[in-house]
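Structural overview
Listed below, chain by chain, are the residues.
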Amino acid sequence: MSNELDRLTRALAGRYAIERELGQGGMATVYLAQDLKHRRKVALKVLRPELAAIIGAERFLKEIEVTANLQHPNILPLYDSGEADSFLYYVMPYVEGESLRDRLTREKQLSVDESVALARAVAAALEFAHRHGVVHRDIKPENILLQSGQALVADFGIALALSQAGGSRMTETGMSLGTPHYMSPEQATGDRTLDARSDIYALGCITYEMLAGEPPYLGNTAQAIVAKILTETPTPVRKRRPSVPPHIEAAVQMALAKLPADRFATAAEFSAALVNPGFTIPGTMALASAGLSDGRWKRRAQLGFALAALLALALLFLVLRPRASVPAPVTRVAVALPKGEGLRQQAYGRIAISPDGSRIAYVATREQGGAQLVVRERDQLHATTVPGSETPFSPFFSPDGKSVAFTTGFAAGSTALRTVALSGAPPVTVTDTGITPLGGDWGSDGYLYVGGSQGLVRVPAAGGPQEPLTRIKQAEGNHAWPQLLPGGKGVVFTVLQGTASLREIAVLDLSNRIVTRLFRGAFAHYAPTGQLIYLREDGALLAVPFDAARLKVTGTPVALLEGIALRTFGAADLAFSQTGTLLYASGLAGLEHLAWVTRDGKPTEIEPSWTADFITHALSPDGKRVAVSVLKEGPRDLWIKELDHGPLTRFTFEGSLNQRPEWTRDGGTLTFISDRSGKSGLYGQRADGNGTPQLLISQHQEPRSIVEGFWSPDGKWLLYRTSSQEAGSGDILGVRTGSDSSPVPLVATRFAETSPALSPDGRWLSYTSTESGQNEVYVRPFPNVGDGRWQVSVGGGREPMWAHSGRELFYKTSDDQMTVATVVTGAGFEVRDRKALFSTADYDNDFEHARYNVSPDDQRLLMSRKTTSAESDLVLVLNWFEELKARMGVKP
């Protein structure tokens, strides 16, 4: 070890432990080090001694302070900086990946799509920094790190700090800021007044290299490269690689213009041009590589100039004609959804519209079962499937409308937040822990705002740690449907409660993290016209004036529409663009019929006139009664319905959330879940309604929330399951009667175990677990659960339910096929065969609790089926803001 490294190690002792050298650059030596305080790996960059001597510690540290606050998903942050024994250093995260230089050295060229995606990611970082007055000055492949396919720009602002601190003395050492291959002409000539367009030039060079395999200018010496930068024009990229689309070549060519005034004014403009098929360099209709001497291109160019002339005349007419004060007409159209492209039935968000209103995204039902995300352009008759978007929930668009975010994996017991570019790139997992499918917003600040298991969180769009924003209080449900308000000061969201009438709209002040409750309602979104648009529990759409700067309601609500269903988790099929296009689903979505369904999938409604939002239901052992949890205005209560047109009788009268009923074998008692004590617990009561509900598992016995439970057939065990959102991720336990009442873990692992069910003879416990990475159905012997384990489903399964014969086990597959497994039980357990019966896409589906029952003869299934009116077409309202302003009394 050198004396210099010894000195550095001693100087940083107690703060950073240097592990090894990673490399050397023109300005610094980079070490891999351990941040002892935070126990994390970091990249420690130490300035070259001669450079440190010129700059001086005080001035360098002062200048670098300005850049320490640049926080963006595509910018590698600055952790620390300082002086130690004459060494000047700065600290950044250690990225366990490779640089773009490493990638280009290995592969030489990248695909067109990946080149564009990386260039746009870097452009996003540049745009953010430029808006904050910071020019990088040293954009090059070495400073672009690749982590899980995402681009992170490193050393942001370091070159600026060196330039400002070192002044003209930098050139006296023979060192220059910037790398010759990526220097702009003004930087190459020593112009110290550089602006954003110098970085755009460097990014143009990098994009050129990713596409062509080498930078636009090559030379044996730095002087030779600089000479070419100042005097020559680069070879058009399509001559090196004809597969590059003309608009991308044009964008790169404009970025490489020698005069800053001829380049893009902002990095965002360059980014937009890269994905705009119609982009050409202003003043031209074809590029040099297109060969204007070719008659075909010449005719196209002539036609283009003619069209341009007509456009100019049209624009002149529009400018000179008398200005009309009449607002644009409001137009309503029904958007028919062709067969195979219909809306998927689910409790969460299903539709989204791009900010400019040109395209919609929605969750559709796949023909082969399951769900998929599709996108439909407003001028097209059919939608296209987004690759890799199986089991999507609650989609929302990026600010530029080019990407969509969605939640997935809920069927596997754990959710992930993903983004996908609509250009065809594969989805990117942003975060895969603790995310709920309760909506989100892609903020203009580069963060995704979503609901987490503990409250609202935000996470960088490129991936990174979750930042908690709110905390769920004990009496609350989830925090859902967040939207970042204009100006970035606050987030408006919905506080869910056990019943629709108790849900509230709230706003979070991001500056102090204070949450303010505003009014009752759900699914609030801010309109650029100055109102919060939200839904009441009866399906009425309202607007209330709202000051986004002061985070205050400034007026009284006004009713706008009716008949937009508010579903179980405060979700609604409603979205509007920033340009005033409204999209919603008409009809009575959310209402269901209870129906008997035969094994071949033929439904028969129990009572056609009986419709409700049946959350959960349980069939009595004799098949003559059904206990249902019905969502109505007010608390969610249990009711008992006598079948064959008998009466409907209310069963529960306390608490706001009563659900998941289960009958004892003799039909005399119901167990159910209720929040009447302040948290979710397991209760029992006589099925005839007499007596007082009894808490079956005390909080002392089980401090976690209990979300379902039932008695064993012989009445000797009380089985229950804890919440998958709390410690243990969902465990199955049991309490034996006549014992010390201590819960016995039955299936309690780090994975999520759900949907427990005992066979009719009480010898076999079926359940669902995510231990394989997705939900599968398993069976264990009971109560000696450690004596064996058998997997029943293949390729995904959930919601197991035993046939009364004990020889069959029903379950649903991951693609929503009702399936029955023939089983043999004796000394062991065996699955003889599996048979798919019918698709459950039009019925209630769940991932934690069985949403169906088996008739006493095992030939029919009792299921809740969506009403026909729930499948109404989407409605698109053009220029809806004009109607909104008129209703709110806003003058044109």
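Figured I'd write up the structure that's included with this text. Bear in mind that the values here come from a model prediction, so they are computed numbers and not experimental data. (Residues numbered from 1 in each chain as written. Predicted model: local features only at pLDDT ≥ 70, side-chain atom pairs only at ≥ 80, totals over all residues. Heavy atoms only, no water.)

Residues in a regular strand project their side chains so that they alternate between the two faces of the sheet. In terms of strand pairing, strand E4 (residues 80-84) meets strand E5 (residues 87-93) through five bridges, oriented antiparallel. Pairing of Asp-80 across the sheet is with Val-91, part of E5. Counted between consecutive antiparallel strands, the loop separating E4 from E5 contains two residues, among which Asp-85 sits at a positive phi close to 55 degrees. (Pairing = 2+ DSSP bridges. Helix = DSSP H or I, 4+ residues; strand = E, 2+ residues; numbered from the N terminus.)

All right, on to the environment of Glu-605 then. With respect to the element layout, Glu-605 can be found in strand E34 (residues 603-605). When the C-alpha positions of Glu-605 and Leu-862 are compared, they lie 9.6 Å apart, and in sequence the two are 257 residues distant. Dropping the residues within four chain positions of it, Glu-605 is found in contact with His-593, Leu-594, Ala-595 and Arg-865. (Contact = heavy atoms within 4.5 Å.)

To continue, consider the sheet that holds strand E52 (residues 808-813). Ordered by their spatial adjacency, four strands build an open sheet running E51-E52-E53-E54, and the pairing between neighbours is antiparallel. Across the chains shown, the open sheet's two edge strands, defined by having one partner strand only, are strand E51 (797-802) and strand E54 (829-839). Taken pair by pair, the neighbouring strands of this sheet meet at an average axis angle of 25 degrees, ignoring direction. The pairing of E52 with strand E53 (residues 817-825) spans five bridges and is classified as antiparallel. Residue pairing in the sheet places Phe-810 in a bridge with Val-820 of E53. (Axes fitted to C-alpha atoms, helices over the stretch in contact; angles between N-to-C directions.)

In this section: the environment of Gln-466. Position of Gln-466 relative to the elements: it lies in the loop between strand E20 (455-460) and strand E21 (467-468). Take Gln-466: its relative accessible area is 28%, and that puts it in the partly exposed class. Distance in space between the C-alpha atoms of Gln-466 and Val-430 is 9.7 Å, their sequence separation being 36 residues. Sequence-distant contacts of Gln-466, defined by excluding residues within four places in its chain, comprise Thr-431, Thr-433, Ile-435, Val-457 and Arg-458. (Buried < 20%, exposed > 50% of the residue type's maximum accessible area, 1.4 Å probe, protein only.)

A separate point is the packing of aromatic side chains. Each pair of aromatic rings is reported with the distance of its centres and the angle of its planes. Scanning all chains against the criterion turns up 18 aromatic pairs. Centre to centre, the rings of Trp-764 and Trp-790 are 5.8 Å apart; their planes meet at 70 degrees, and the pair counts as edge-to-face. Residue Trp-764 is located in strand E48 (residues 764-769), and its partner Trp-790 is located in strand E50 (residues 790-791); the two are separated by 26 residues in the primary sequence. Residue class for Trp-790 comes out partly exposed when judged on its relative accessible area of 26%. Taken together through their ring pairs, the aromatic side chains of Phe-264, Phe-270 and Phe-279 make up a single cluster. (Phe/Tyr/Trp six-rings, centres within 6.5 Å; stacked < 30°, edge-to-face > 60°.)

Along the polypeptide, Thr-722 turns up in strand E44 (residues 717-722). Note on Thr-722: relative accessible area 0%, which makes it buried.

Here we come to the nonpolar core. Residues Leu-100, Phe-156, Met-210, Ile-248 and Phe-264 are the most contacted members of the largest nonpolar core, which totals 54 residues. Within the residue set of this core, elements represented by two or more residues are helix H4 (100-107), helix H5 (112-131), strand E7 (144-147), strand E8 (150-153), helix H9 (196-212), helix H10 (222-231), helix H12 (246-255) and helix H13 (267-274). Examining the composition of this core, we find that eleven residues originate from one element, H5, more than from any other. (Core = buried A, V, L, I, M, F, W, Y, C linked by side-chain atoms within 4.5 Å.)

Applying the stated criterion to the full structure yields 42 salt bridges. For Arg-359, the salt bridge goes to Glu-377, with nearest N and O atoms at 2.9 Å. Remark: Glu-377 occurs in strand E12 (residues 371-377) and Arg-359 occurs in strand E11 (residues 359-365); sequence separation between them is 18 residues. Looking at Glu-377, the relative accessible area reads 28%, which means it is partly exposed. Between Asp-846 and Arg-851 there is a salt bridge, and its shortest N-O distance comes to 3.2 Å. Judged by relative accessible area, Asp-846 falls into the buried class, the value being 10%. (Salt bridge = Lys/Arg side-chain N within 4 Å of Asp/Glu carboxyl O.)

Turning next to the sheet that holds strand E10 (residues 351-353). Ordered in space as E10-E11-E12-E13, the four strands form an open sheet in which the pairing is antiparallel. For this open sheet the edge positions go to E10 and strand E13 (384-385), each flanked by a neighbour on one side alone. Two strands pair when backbone bridges link them, and E11 and E12 are joined in this way by seven bridges, in the antiparallel orientation. By the bridge assignment, Ala-361 is partnered in E12 with Val-375.

Most peptide bonds adopt trans geometry, and most residues besides glycine take a negative phi value. Cis geometry marks the peptide bond from Phe-782 to Pro-783, where omega comes out at 5 degrees. Topologically, Pro-783 is positioned in the loop between strand E49 (776-781) and E50. Positive phi outside glycine occurs at Ser-755, with the angle close to 50 degrees. In this structure, Ser-755 sits in strand E47 (residues 753-758).

Of all six residues making up strand E43 (residues 706-711), five are buried, and the element is well covered by its neighbours. As paired strands, E43 and E44 are joined by five bridges and run antiparallel to one another. Counted as the bridge partner of Phe-710 is Leu-719 from E44. Taking the residues between adjacent antiparallel strands as the criterion, E43 and E44 are bridged by five residues, where Gly-715 takes a positive phi near 75 degrees.

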